[in-house]
Amino acid sequence: MKKKLQDLIDLLPKAIIEGNKEVTETIITDLAQDSRKITPGTLFVCLSGAKTDGHDYIVQAYHQGAVAVLVEKDIDIIPQGLIVIKVANTREAMMKIAPFFFEFPSCKLRMIGVTGTNGKTTTTYLIRSILQQAGFQVGVIGTIQNSIGDKIVPTQNTTPDVIDLQRLLAQMAEANMDYVVMEVSSHALALNRVAGCEFDVGIFTNMTRDHLDFHVTFERYLEAKTRLFQLLSSTENQKKGKTAILNTDDKAAAFILERTECKTITYGIEKHADLQAQNANIQAKGTKIDIAGSFGIMPLQLKITGLFNVYNVLAAVGAALAEGIDASIIKAALEKFQSVSGRFELVDEGQPFSVIVDYAHTPDGLENILKTAQQIAKKRIIVVFGCGGDRDKTKRPIMGRLAVQYGNVVIATSDNPRTEDPETILNEIEAGIRELLIPGKIYEKISDRRQAIERALHVAEMDDIVIIAGKGHENYQILKDRTISFDDKEVVKTIIQEMK
Ligand SMILES: CC(=O)N[C@H]1[C@@H](OP(=O)(O)OP(=O)(O)OC[C@H]2O[C@@H](n3ccc(=O)[nH]c3=O)[C@H](O)[C@@H]2O)O[C@H](CO)[C@@H](O)[C@@H]1O[C@H](C)C(=O)N[C@@H](C)C(=O)N[C@H](CCC(=O)O)C(=O)O
Ligand SMILES: Nc1ncnc2c1ncn2[C@@H]1O[C@H](COP(=O)(O)OP(=O)(O)OP(=O)(O)O)[C@@H](O)[C@H]1O
Ligand SMILES: N[C@H](CCC[C@H](N)C(=O)O)C(=O)O
Ligand SMILES: [Mg+2]
């Protein structure tokens, strides 16, 4: 991709040019907001971040080949030959130039965005499997990784920031993807990372407590999630046939519905909805349900389990119907669907008890998987879990209470402590555990996650279920001063082999 710098500046009417003013002949070959990702010919966008300031990296960017920088602050010393473009707000300027630079890739793709506290990753994978079954090429953007057909593109955030997102979408369009199924996190909506994305379908999964460290209040968290549906129905989004798919069993859906002006498909289990699951039968190795909709009744024998996954399946069916996919194709894809890495994933090394690794890192996620475990349990439930550091602290005691409410044995341990003291996090979890710790329940606190898992596996007896929650697919653990390799599933496998 190449653009004349002048064409980018023309999008920013109040921009002031400083330093080298020979803009007319300058060609920009890439955009970056991270000095570490600069290649010769790049326009470097300086963002004032929460941790550091992009303006501090101008010299580094220049040495790596940046030909121009976009700033919102005064620059004392301008490296020779560097073009400096000053605007009032670099983030807003970036939102205008990135979609233009990458030639509005979202307009060349059918875009399905999924937002909600839980279930985004699972829902995107379900939708991908249906679209692929229907013969489409599909790109996925989300927590575990991004993918362009079979090609894997590693990711840092669930939803990448504006420039990386537009570049990725352009690569997907270039690779002839028909669809992009994308997780849209509340951070992304609040920070407008999806500026310039024109969605065809927006999905709301659910809304429970999380990320209050970032959004501060539940209302602001809800407003962020609602933004996806405002973007979807906005007149600036010129796509035809846009649909919002909403879980109306969730209270927040009414708020979103009021602010959505396109076609909607509602789904749920409890309340009457356009798509309604009935007769759910939760089994250890799958779920049987009937889905009632405009097509009549679709009986499904799924390989994934848990009532929470029934919601994810309903959301995926809604998206597929909105895109005109035949009910028989939807059924075939869903019945084949195996699992998502680290989502209620069974680890079977031939041991006489079940081990499930799951990414539940919110109170609602934890309660859902523990309820599911209770529905399929023959004997005890052993829970190993922790809470991430530098993240919403209010969820810690709540998750402690839930673990001891549903679990027979609770082993509290570290998740990703990040910059926090692991013991402090554990004490906050323990406050909740102590509230419901009745005789007969066993509680231990082991901050080393490997030792905690080892303990759980040694305590487990025939037909018990061991749930290891919080880190799912993650293959690392973020400690104060370093990130180490750590994969719950691999750790389980190694320990069970050692035990044999
Ligand atoms: C709170 C938040 O979202 N922060 C994001 C934000 O960081 P920031 O504003 O603190 O940026 P900063 O680190 O201060 O840096 C400022 C600027 O200097 C630049 N820089 C920095 C260092 C350097 O050497 N050179 C350089 O140019 C940075 O690229 C940036 O442009 O901008 C960064 C660059 O785009 C993001 O990577 C970073 O996400 C961090 C890693 C993060 O952990 N975010 C989480 C909370 C998040 O976004 N999570 C959601 C999922 C949540 C969920 O639903 O589960 C997600 O979408 O991933
Ligand atoms: N529909 C749902 N409702 C409630 N809990 C769910 C639902 N789907 C999944 N979960 C729980 O939440 C965990 C995370 O699921 P998933 O990765 O699909 O959600 P996510 O929204 O992508 O999460 P993240 O915000 O971390 O990316 C699962 O491991 C499971 O414990
Ligand atoms: N996307 C979520 C993931 C949390 C996963 C958990 N393992 C943790 O580190 O807290 C976040 O960044 O808050
Ligand atoms: Mg996700």
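Residues numbered from 1 in each chain as written. Chains lettered and ligands numbered in written order. Predicted model: local features only at pLDDT ≥ 70, side-chain atom pairs only at ≥ 80, totals over all residues.

**Re the pairing of strand β5 (residues 42-45)**
Point 1. Residue alternation in β5 divides its side chains into two sets, T42 and F44 and L43 and V45, and both sets are buried.
Point 2. Note: strand β4 (residues 30-32) against β5, three bridges, orientation parallel. Following the sheet pairing, D30 is matched in β5 by T42.
Point 3. The pairing of β5 with strand β6 (residues 68-71) spans three bridges and is classified as parallel. (Buried ≥ 20, exposed ≤ 12 C-beta atoms within 10 Å, placed from the backbone. Helix = DSSP H or I, 4+ residues; strand = E, 2+ residues; numbered from the N terminus. Pairing = 2+ DSSP bridges.)

**What about the sheet that holds strand β2 (residues 16-19)?**
Point 1. What the five strands build is an open sheet, ordered β2-β7-β6-β5-β4; its pairing is mixed. Of all the strands in the sheet, the pair left with one neighbour each is β2 and β4. Strand-to-strand, the axes of this sheet are offset by a mean angle of 25°, without reference to chain direction. (Axes fitted to C-alpha atoms, helices over the stretch in contact; angles between N-to-C directions.)

**Considerations on the site of ligand 1**
Point 1. Near ligand 1, the surroundings consist of 20 residues, among which D34, G49, K51, N157 and S185 are the closest.
Point 2. Its residues assigned to classes, the shell around ligand 1 comprises four nonpolar, 12 polar and four charged. (Near = placed C-beta within 6 Å. Nonpolar A, V, L, I, M, F, W, Y, C, P; charged D, E, K, R; others polar.)

**Some remarks on the site of ligand 2**
Point 1. As a matter of local geometry, ligand 2 sits amid 23 residues, with G119, K120, T121, A360 and G365 nearest to it.
Point 2. Looking at the shell around ligand 2, the elements with two or more residues in it are α4 (120-133), α10 (307-322) and α12 (363-376).
Point 3. For the shell around ligand 2, the element with the most residues is α12, which contributes four residues.
Point 4. Considered class by class, the residues forming the shell around ligand 2 number five nonpolar, 13 polar and five charged.
Point 5. Residues from two domains meet in the shell around ligand 2; each of domain 2 (105-336) and domain 3 (345-499) gives at least three. (Domains from an automatic or database assignment.)

**Side note on the UniProt feature "modified residue: N6-carboxylysine" (unreviewed entry) in the protein**
Point 1. Annotation from UniProt places "modified residue: N6-carboxylysine" (unreviewed entry) at K225.
Point 2. Note that K225 resides in helix α8 (residues 218-233).
Point 3. Residue K225 is classed as buried on the basis of its C-beta count, with 25 C-beta atoms lying within 10 Å.
Point 4. Contacts of K225, omitting those with residues within four sequence positions, involve T115, G116, S186, L189, F204 and M207. (UniProt positions renumbered as here; feature names shortened; annotations may be inferred. Contact = placed C-beta atoms within 7 Å.)

**A word on the environment of Y179**
Point 1. Structurally, Y179 is set in strand β12 (residues 179-183).
Point 2. Y179 sits in the buried class, given 24 other C-beta atoms within 10 Å.
Point 3. Along the primary structure Y179 and V138 are separated by 41 residues, whereas in three dimensions their C-alpha atoms are 4.8 Å apart.
Point 4. Residues contacting Y179, with those up to four places away along its chain left out, are L109, R110, I112, L131, F136 and V138.

**So, the packing of α12 against helix α13 (residues 395-406)**
Helix packing for two helices is described by the angle between their axes and how far apart those axes are.
Point 1. For the pair α12 and α13, interaxial distance at closest approach is 9 Å and the crossing angle is 5°. As judged from the angle between their axes, α12 and α13 are roughly parallel. On α13, the residues that touch P363, L366, E367, L370, K371 and Q374 of α12 are K395, I398, M399, L402, A403 and Y406.
Point 2. Class assignment for the residues of the contact of α12 with α13 results in eight nonpolar, one polar and three charged. (Parallel < 35°, antiparallel > 145°, perpendicular 65-115°, else oblique.)

**Thoughts on the sheet that holds β12**
Point 1. The sheet built from 11 strands is open, its strands ordered β11-β10-β9-β12-β8-β13-β14-β15-β16-β17-β18 with mixed pairing. On the outer flanks of this sheet lie β11 (151-153) and β18 (296-302), each paired with one strand and no other. Within this sheet the neighbouring strands show an average axis-to-axis angle of 20°, counted without direction.
Point 2. Bridge count between strand β9 (residues 138-141) and strand β10 (residues 146-148): two bridges; the pairing is antiparallel. Across the sheet, G139 pairs through a bridge with I148, a residue of β10.
Point 3. Sheet strands touched by α4: β8 (110-115), β9, β12 and β13 (201-204). Its angle to β12, the strand with the most contacts, is close to 170°.
Point 4. Running over the sheet, helix α5 (residues 162-174) touches β9, β10, β11 and β12 and is turned about 25° from β10.

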